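Listed below are the residues making up each chain.
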Amino acid sequence: MRVNEKAVNGKIIGRDWNVQNPWKAVRVKGPVANPAQAVEKAAEVIFCLCAFTAVAAVCAMTLYMIANGVPAVLQTGLKEILFSKTWNPTAKEPSFGIFYVILTSIVGTFLAVLIGVPIGLLTAVFLAEAAPGWLAAVVRPSVELLAGIPSVIYGVLGMMVLNPLMYRLEQKLFAGSKTHQFTGGANLLSAVLVLAVMILPTVINISEAALRAVPSALKASSLALGASPVQTIFMVTIPAAKSGILTAVVLGVGRAVGEAMAISMVSGNVVHLPLPFQSVRFLTTAIVSEMGYAQGMHRQVLFTIGLVLFVFIMIINGILSRIVKGENQG
């Protein structure tokens, strides 16, 4: 629907809104006689400035990471940095291979999502579809509290509670082994479990909102056709909320990939092949642990790691966003 503005002697006497773009209005010569029009124009300018600020921030970060990360690639070589398995930046002949670090981030994020997403989704289903009011009033604030806990607290709890448990399990599994290097519980498995817990609030809150947005008519139709409540949840409600659930997965992956503090406290922070009971180092922890004292080429390579992490997150978000877009179009 489209309506034109009519003006007499420079004064607006009527307006029709363009539904697709309500800001598009016919310009009228003469002084602005309607204060509401000035407010709308000011709001339009403010909105445009906010959008430009967001885009400018992304562009500035991208240019900064490229400017600081590319020189090390040009000097050392992309193949040497990405595919070499040796990280020894302070040696007489330094090595800057981050292949194991990249592999650790991929494996750790995948396992954390593999554990956290099903638990988070089922919790969201419980809150949205099955939980009594009094129980939901207890569980929901607890989930929100998880989202507000600082990451360093997760790290401390993981180091004090989870690592000793993992160490006991490690001692039982590798008792008598002469080749295994004991980690004291600070290993990939501990890091994955901490990450899985940290992404739960994001997955639960967004998935619950998506499930509650499913029209009740769909559920009623399924029940009327003889489906049980459980069948309705898994065959009607969850598929109908798939777009919102995938969005929750995207944000959960972003939280897992970008976490540094908690992971550095429970993973052992040593460059190794990412095996469950092996101390490992993620991309984020590599930057955090060495940026304080790195100099020269070592410091430049850390910026290259940041650039790799930046590209890694963009690729993951791009792939998942295309999946979400495809689901919406389907």
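Everything discussed here concerns the structure shown above.
Below is a short write-up of the structure. Once a new chain begins, its residue numbering starts again from 1 and follows that chain's sequence as written. Whole-chain, interface and lining totals are the exception, using all residues; otherwise, since this is a predicted model, local features are given only for residues with pLDDT of at least 70 and side-chain atom pairs are given and counted only at 80 or more. Side-chain measures were taken over the full set of non-hydrogen atoms in the model, leaving aside hydrogen atoms and water.

Let us now look at the overall build of the protein chain. In terms of helices and strands, the protein chain carries twelve helices and four strands. Counting every position in the protein chain, which comprises 330 residues, the buried fraction comes to 35%. Put simply, the protein chain shows about 18,800 Å² of open surface, and 68% of that area lies on carbon and sulfur atoms. What counts as a helix is a DSSP run of H or I of at least four residues, what counts as a strand is a run of E of at least two, and both are numbered from the N terminus. A simple rule labels every residue: compare its accessible area, found with a 1.4 Å probe on the protein chains alone, to the largest value its type can have, and call it buried under 20%, exposed over 50%, or partly exposed in between. Areas reported as accessible are Shrake-Rupley estimates using a 1.4 Å probe. Residue values count occlusion only from the protein chains shown.

With that out of the way, let us pick up a nonpolar patch on the surface. Like-charged residues within 9 Å of one another, or nonpolar side chains (Val, Leu, Ile, Met, Phe, Trp, Tyr) within 5 Å, are grouped into patches, provided each residue has over 30% relative accessible area and no salt bridge. The salt bridge definition used is simple: a Lys or Arg side-chain nitrogen within 4 Å of an Asp or Glu carboxyl oxygen. Judged by side-chain polarity, Val152, Ile153, Val156, Leu157, Met159, Met160, Val161, Leu165 and Met261 come together as a nonpolar surface patch covering roughly 770 Å² of accessible area. The dominant element in the nonpolar patch, judged by the number of residues it contributes, is helix H5 (residues 151–173), at eight residues. In this fold, Val156 is placed in helix H5.

Further remarks concern the state of the cysteines. Any pair of cysteine sulfurs within 2.5 Å is marked as a disulfide. Using the criterion set out here, one finds zero disulfides in the structure. Residue Cys48 stays outside any disulfide, its sulfur separated by 9.3 Å from that of Cys50, the closest cysteine. Overall, Cys48 belongs to the partly exposed group, its relative accessible area being 48%.

So, about helix H11 (residues 283–290). The element H11 is largely enclosed, with a buried count of six among its eight residues. Listed as buried for H11 are Leu283, Thr284, Thr285, Ala286, Ile287 and Glu290.

A separate point is the nonpolar core. In globular proteins that are soluble, nonpolar side chains generally tend to be buried together. Here the nonpolar core consists of buried residues drawn from Ala, Val, Leu, Ile, Met, Phe, Trp, Tyr and Cys, with membership extended through side-chain atoms lying within 4.5 Å. Counting 44 residues, the largest nonpolar core has Trp87, Ile98, Val194, Val253, Phe282, Leu283 and Ile305 as the members making the most contacts within it. Sorting the residues of this core by element identifies helix H2 (78–83), helix H3 (99–130), H5, helix H6 (188–212), helix H9 (242–258), helix H10 (261–266), H11 and helix H12 (296–329) as the ones contributing at least two each. Core analysis: the second largest hydrophobic core is formed by eleven residues, Leu121, Val125, Leu211 and Ile238 among them.

The next point concerns the side chain of Ser105. Tracing the chain through its elements places Ser105 in helix H3. Any pair of residues with heavy atoms lying within 4.5 Å of one another is described as a contacting pair. Sequence-distant contacts of Ser105, that is, excluding residues within four places in its chain, are made with Phe282, Leu283 and Phe312.

Another aspect to go through is the packing of H3 against H6. A fitted line through C-alpha atoms serves as each axis, taken over the contacting stretch for helices, and the angle formed by two N-to-C directions is quoted from 0 to 180°. Between H3 and H6, the least distance of the axes is 6 Å, while the angle of their chain directions is 40°. As summarised for this structure, H3 and H6 are arranged oblique, according to the angle between their axes. Taken as a pair, H3 and H6 cross one another with a handedness that is right-handed. We call Asp, Glu, Lys and Arg charged. Ala, Val, Leu, Ile, Met, Phe, Trp, Tyr, Cys and Pro are nonpolar, and the rest, Gly among them, are polar. Taken together, the residues of the contact of H3 with H6 sort by class into 22 nonpolar, six polar and three charged. In this scheme, roughly parallel covers angles under 35 degrees and roughly antiparallel covers those over 145, while 65 to 115 is roughly perpendicular and the rest are oblique. Less than a right angle of anticlockwise turn of the near helix away from the far helix marks a crossing as left-handed, whereas a clockwise turn marks it as right-handed.

Here we take up the packing of H3 against helix H8 (residues 229–240). The N-to-C vectors of H3 and H8 enclose an angle of 95°; their axes lie 12 Å apart at closest approach. When the axes of H3 and H8 are compared, the pair comes out roughly perpendicular. Contact residues: H3 offers Leu122, Val125 and Glu129, while H8 offers Ile233, Phe234, Thr237 and Ile238. A breakdown of the residues in the contact of H3 with H8 according to their chemical character gives five nonpolar, one polar and one charged.

Take the packing of aromatic side chains next. For this analysis, a ring pair means two rings from Phe, Tyr or Trp (six-membered ring only for Trp) whose centres lie within 6.5 Å, classed as stacked if their planes differ by under 30 degrees, edge-to-face if by over 60, and tilted for the remaining angles. In total, this model carries five aromatic pairs according to the counting rule given. Look at Phe99 and Tyr100: their rings are 6.1 Å apart centre to centre, the planes differ by 45°, and that puts the pair in the tilted class. Assessed through its relative accessible area of 28%, Phe99 is described here as partly exposed. Ring geometry for Tyr167 and Phe182: centres 6.5 Å apart, planes at 85°, overall edge-to-face. Taken together, the positions of Tyr167 in helix H5 and Phe182 in the loop between H5 and H6 put the pair 15 residues apart, joining distant regions of the chain. A relative accessible area of 37% places Phe182 in the partly exposed class.

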